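# Commentary on secondary and tertiary structure
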Amino acid sequence: MEQTLSIIKPDAVRKQLVGKIISRFEENGLRIAAIKKLHLSKEEAGEFYAIHKDRPFFKDLVDFMVSGPVVVMILEGSDAIAKNRELMGSTNPKEAQAGTIRADFADSIDENAVHGSDSKDNAAIEISFFFARREIF
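Remember, it's a predicted structure, so these values are computed and weren't measured experimentally. (Residues numbered from 1 in each chain as written. Predicted model: local features only at pLDDT ≥ 70, side-chain atom pairs only at ≥ 80, totals over all residues. Heavy atoms only, no water.)

### Some remarks on the UniProt feature "active site" (unreviewed entry) in the chain
The sites that carry the UniProt feature "active site" (unreviewed entry) are, in the present numbering, His115. By the element assignment, His115 lies in strand β4 (residues 114–116). (UniProt positions renumbered as here; feature names shortened; annotations may be inferred. Helix = DSSP H or I, 4+ residues; strand = E, 2+ residues; numbered from the N terminus.)

Structure (structure tokens):
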């Protein structure tokens, strides 16, 4: 079974969409192996998104990610990374396919409701950032 990290971002948590988003994952064959709600510090958000530190949107991304609580999950299933990315839709909700999470729930490219790992290597790094082995079932 493949695992991937998923984050329900502050905008979607604020709009009380957590249950609807989780249902999308579960209805499409992804199982939750771990889940928690937390409020990232600036340091944590900066470290998590360090790959983007030289990009012009980095500061705004960090500010957004600390603007409220997030829900972090490990999703598990056959081809979990690709399936999660398909369910999320394009980063820009205006370009996302109808019926995807971002098309249905995101407001903008900056506040786009969810994050998902983009590769096996990044999934392993991102999962270990948020979860200890004993928290994964």
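### Regarding the side chain of Asp11
Mapped onto the secondary structure, Asp11 falls in helix α1 (residues 10–14). Despite its burial, Asp11 remains without a salt bridge, the nearest opposite charge being carried by Lys15 at 4.7 Å. For Asp11, the residues in contact, after removing those within four places along its chain, are Phe64, Glu111, Asn112 and Ala113. (Buried < 20%, exposed > 50% of the residue type's maximum accessible area, 1.4 Å probe, protein only. Lys, Arg positive; Asp, Glu negative; His and termini not counted. Salt bridge = Lys/Arg side-chain N within 4 Å of Asp/Glu carboxyl O. Contact = heavy atoms within 4.5 Å.)

### Topic: the sheet that holds strand β1 (residues 2–8)
Pairing in this open sheet of four strands is antiparallel, and the strands run β2-β3-β1-β4 from one edge to the other. Each edge of the open sheet carries a strand with a single partner, namely β2 (31–38) and β4. The average undirected angle you get between the axes of adjacent strands in this sheet is 20 degrees. Looking at chain direction, β1 and strand β3 (residues 70–77) are connected through seven bridges and run antiparallel. (Pairing = 2+ DSSP bridges. Axes fitted to C-alpha atoms, helices over the stretch in contact; angles between N-to-C directions.)

### Comments concerning the nonpolar core
Of all hydrophobic cores here, the largest spans 21 residues; its most connected members are Ile7, Met65, Phe130 and Phe131. Mapped onto this core, the elements with two or more residues apiece are β1, β2, α3 (42–48), α4 (58–65), β3 and α7 (120–130). The element that contributes the greatest number of residues to this core is α4, accounting for five residues. Excluding anything up to four places from it in sequence, Phe131 contacts Leu5, Ala34, Ile35, Lys36, Val72, Met73, Ile74 and Ile136. Counting 19 residues, the second-largest nonpolar core is a separate cluster that includes Val13, Phe25, Ile101 and Ala113. (Core = buried A, V, L, I, M, F, W, Y, C linked by side-chain atoms within 4.5 Å.)

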